[in-house]
Amino acid sequence: MREESAYDVWSALSELGLGEPGSREVRDVVSCPGTDSCKLGITSSMGLNQAVQERIEEMQVEDALTRQIHIKMSGCPNGCGQHHVADIGFYGASIKVGQHQIPAYIPHVGGVYEGGEVAFGQRLKLRLPAKRVPDAIERWIRHYEAEREEGETWGAYAQRVGTDTLEQQVKELSMPVDFSLETMNQFIDWNRNVPFEVIRGEGECAV
């Protein structure tokens, strides 16, 4: 893009809803296509992406250090969404409840992909139902803002408090529910209207 074209490009992007500030900040959530187009996908990572962005907007994050947090998600363990190097990352999984399945995500914390040596995040020992992931993110961010040390980044905070503390902050959210009309929403993935089931085939990365 030529420098003199920058304004015209920004204007065109704005008409598509892509001209807002916040690139590479906490509201700039990254995901792979997930089950929208990839047959290896387990969950609707793009649907979760939208839900997380909406929650971040509702939170009205103003804190400069919090705005530096990067959130990424993949629809399966393969990592096309680079969840493993995110500050807060997730990959798609499932939770079996009797004959039914709940779309779920396994979280990673403390990954690094810029500003230093690349490092994989630590996997937490729990699975979060997909519909509860935005709640978990909000809890972690609020705890971070309340309990961090002066100038402490999310990565440094996560390393200091450890995975056990981060697991305890969201443990109740990881508890599955019994299948019923009242809990049906937990068994339906983001941007879907039918009960969740794992269906896998040849994915985009295998083409």
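Because the structure is a prediction, the values reported are computed rather than measured.

**Q** Explain the nonpolar core to me, using residue names and the numbers behind them.
**A** Side chains of a nonpolar character, in soluble globular proteins, are inclined to be buried together. By size, the foremost hydrophobic cluster in this structure holds 32 residues, and its most contacted members are Ile 56, Ile 71, Phe 90, Leu 128, Trp 140, Trp 154 and Leu 166. Listed by contribution, the elements that provide at least two residues to this core are helix 2 (45-59), strand 2 (71-74), strand 3 (88-97), strand 4 (100-109), helix 3 (133-147) and helix 4 (154-170). Beyond its immediate stretch of four places on either side in the chain, Ile 56 contacts Val 26, Arg 27, Val 61, Ile 71, Ile 137 and Ile 141. One finds Ile 95, Val 97, Val 177 and Phe 187 within the second-largest nonpolar core, a separate group that totals six residues.

**Q** Got a sec to walk through the packing of aromatic side chains? Specific residues and values, please.
**A** Scanning all chains against the criterion turns up seven aromatic pairs. Where Phe 90 meets Trp 140, the ring centres are 6.3 Å apart and the plane angle is 25°; that geometry is what we call stacked. Residue Phe 90 is located in strand 3, and its partner Trp 140 is located in helix 3; the two are separated by 50 residues in the primary sequence. The pair Phe 90 / Trp 140 is uniform in exposure class, with both members buried. Their ring planes at 80° and their centres at 4.9 Å tell us that Phe 179 and Phe 187 sit as a pair that is edge-to-face.

Criteria and cut-off values
- Residues numbered from 1 in each chain as written.
- Predicted model: local features only at pLDDT ≥ 70, side-chain atom pairs only at ≥ 80, totals over all residues.
- Heavy atoms only, no water.
- Core = buried A, V, L, I, M, F, W, Y, C linked by side-chain atoms within 4.5 Å.
- Buried < 20%, exposed > 50% of the residue type's maximum accessible area, 1.4 Å probe, protein only.
- Helix = DSSP H or I, 4+ residues; strand = E, 2+ residues; numbered from the N terminus.
- Contact = heavy atoms within 4.5 Å.
- Phe/Tyr/Trp six-rings, centres within 6.5 Å; stacked < 30°, edge-to-face > 60°.

Everything listed here is a matter of geometry and, on its own, says nothing about what the molecule does.
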